[in-house]
Amino acid sequence: MIRKYSVFLIAAAASCMPAMADITVEQCVELAHDNYPLLRKYDILQQTDKINISDINKSWLPQIGIYAQGTVQNVVPSFPDALNNILEQMNTDVSGLGKTQYKIGVDVNQTIWDGGTSKARRTVARSTSEQQAAAVDVQLYAVRERVENLFFGILLVEEQTKISEQTLALLQNNLAKLKSMESNGTAMQCDVDMVEAQTLAVDQQIIQVKGQTQCYRRLLGIYTGKEMTKEKLVKPKPEMPASMASTRPELDLFAAQAKANNARQNEISSSLMPKIGLFAQAFYGYPGFNNFKSMMDRDLSFNIVAGMKVSWNLGAYYTRKNSLSRIKLANATVETDRDVFLFTNKLRTNEQTARIEELQKVIENDRRISDLRTNVRKAAESQLENGVIDATALLTKITDENQARLTSSIHEIQLIQSIYQLKYTLNQ
């Protein structure tokens, strides 16, 4: 009764334990993208773009400037001597303009038409923001390759662990047989020692490989932001990409760079256009606009002037040709970088395709080689029991079988990894 109750408790506890979750390489890449700190830069770029556009739009608001000034002049306007004599005869005292002058005022300017400058600046700001976002896309895309390499690295070492554990079980089984044979006098102690030493060596190898696996899993956990010590990594199927066309984010970056250069070309064109605006100036001080009154007394007065102004910076024509040439050269550089990237990408695609074809041919014989090595090992075990061969020959056959299985598994995972590397190269 107690034993049944204990079994029930163990089963209940096992049912409460979280099951080992299956996770694919695509899920790992998605988790890594969402967890990567660089992702926050998209929000920063978006906010920066809003601020830049807001500043450009505010250039249409009235531009107001407040000032205060005081000056001292050595010469000021005055009446002609003949007029001064007449005024003196009329007993009229004219002090003239004072050499000390002072005023406080405000200047207001309102743009009516800026020749398309603000529109061009908005286009430049948006295209620059798109270019920076495309550069972030390229940086984030590199995370995919790192995560996939870690994922397949874990698959490789875990497959090595699995095969080594099978070999260990095989060695332990043969070790038990040899010990029994040694007790019956049909095997020597040195044979037992040899197999036991090999068993311990394989056990050490398993411990080392498991430590390497945990290291890789911790690194993958850092990238994904998720604990990866218990998750079961699902081995993908060796499916080739649906298309060999490249859609890498670098191509979008090159397009964004060219778009930003063309936007600057529109900005240069707008700088050649005249600007039309309204203006108003008002001040309180001395002297005012009425100089005759200011000559008669030194009273402060309020003065205002308003009007329309047309300005045209002809100096922009001097550098227009060079500015357009720089943009043309910048576009040529972008086009060259794009061609170099596509050329390199095509070379890498051909190399990876050839590697995939090579592994596909090699894998065709791997299974047959493993089966043959297993048959040879089984025959060697029978021969050892009959005293035909010694333990050294058996260990050789076990080692050959282990190597054949390991090579077959490695080739299979390498094939899948090569396909995913091709998909990474093409962004498929």
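Residues numbered from 1 in each chain as written. Predicted model: local features only at pLDDT ≥ 70, side-chain atom pairs only at ≥ 80, totals over all residues. Heavy atoms only, no water.

1. Quick look at the overall build of the chain
Then, number 1: When you go through the chain residue by residue, the secondary structure sums to 10 helices and six strands.
Then, number 2: Here the C-alpha atoms of the chain give a radius of gyration of 43 Å, more than 25% beyond the 22 Å that 2.2 N^0.38 yields for 428 residues.
Then, number 3: For the chain, the spread of C-alpha atoms along the principal axes amounts to about 155 × 60 × 40 Å.
Then, number 4: Taken over 428 residues, the chain has a buried fraction of 33%.
Then, number 5: Within the chain, contacts between residues at least 6 apart in sequence are counted, and of these 87% link residues at least 24 apart.
Then, number 6: On the chain, roughly 26200 Å² of surface is accessible, and the fraction owed to carbon and sulfur atoms is 56%. (Helix = DSSP H or I, 4+ residues; strand = E, 2+ residues; numbered from the N terminus. Rg over C-alpha atoms; globule rule 2.2 N^0.38 Å. Buried < 20%, exposed > 50% of the residue type's maximum accessible area, 1.4 Å probe, protein only. Contact = heavy atoms within 4.5 Å. Areas by Shrake-Rupley, 256 points an atom, 1.4 Å probe, with all protein chains shown as cover.)

2. Focus on the packing of helix α2 (residues 25-35) against helix α6 (residues 189-224)
Then, number 1: Look at α2 against α6: their axes get within 7 Å of each other, and the N-to-C directions meet at 55°. Judged on the interaxial angle alone, α6 and α2 are oblique. Each of C28, L31, A32 and N35 in α2 lies in contact with α6, whose residues at this interface are L220, I222, Y223 and T224.
Then, number 2: Partitioned by chemical class, the residues of the contact of α2 with α6 number six nonpolar, two polar and no charged. (Axes fitted to C-alpha atoms, helices over the stretch in contact; angles between N-to-C directions. Parallel < 35°, antiparallel > 145°, perpendicular 65-115°, else oblique. Nonpolar A, V, L, I, M, F, W, Y, C, P; charged D, E, K, R; others polar.)

3. Brief notes about a nonpolar patch on the surface
Then, number 1: A grouping of Y102, I104, Y284, L300, F302 and I304 is seen on the molecular surface, where their side chains present a nonpolar patch of about 630 Å² in accessible area.
Then, number 2: Of all elements in the fold, only β3 (100-113) and β6 (301-311) reach the threshold of two or more residues within the nonpolar patch.
Then, number 3: Of note, I304 is situated in strand β6. (Patch = residues over 30% accessible without salt bridge, like charges linked within 9 Å, V, L, I, M, F, W, Y side chains within 5 Å. Salt bridge = Lys/Arg side-chain N within 4 Å of Asp/Glu carboxyl O.)

4. Digging into the pairing of β3
Then, number 1: Inspection of the sheet shows strand β2 (residues 63-72) paired to β3 by 10 bridges, in the antiparallel sense. Among the inter-strand pairings, I66 is bridged to a residue of β3, identified as V106.
Then, number 2: Where β3 lies against strand β5 (residues 275-286), 11 bridges are found, and the strand directions are antiparallel. Bridging across to β5, I104 finds its partner in Y284. (Pairing = 2+ DSSP bridges.)

5. A word on α6
Then, number 1: Taking 1.5 Å per residue, 36 residues should reach 52 Å; α6 reaches 52 Å between its end C-alpha atoms and fits that length.
Then, number 2: What α6 keeps buried is the set D191, V192, V195, T199, V202, I206, V209, T213, R217, L220, G221 and T224.
Then, number 3: Looking one or two residues past α6, G225 carries a phi angle of roughly 70°, positive in sign. (Expected span 1.5 Å × (residues − 1).)

6. Concerning the confidence of the model for the chain
Then, number 1: Overall, the prediction assigns the chain a mean pLDDT of 85, with 93% of residues at 70 or greater.
Then, number 2: For the chain, helix α1 (residues 2-16) is the element with the lowest average pLDDT, namely 37, and β5 is the one with the highest, namely 93.
Then, number 3: Across residues 1-19, confidence stays below pLDDT 50; counting only partners more than four residues off in sequence or on other chains, it has zero contacts. (pLDDT = per-residue confidence, 0-100.)

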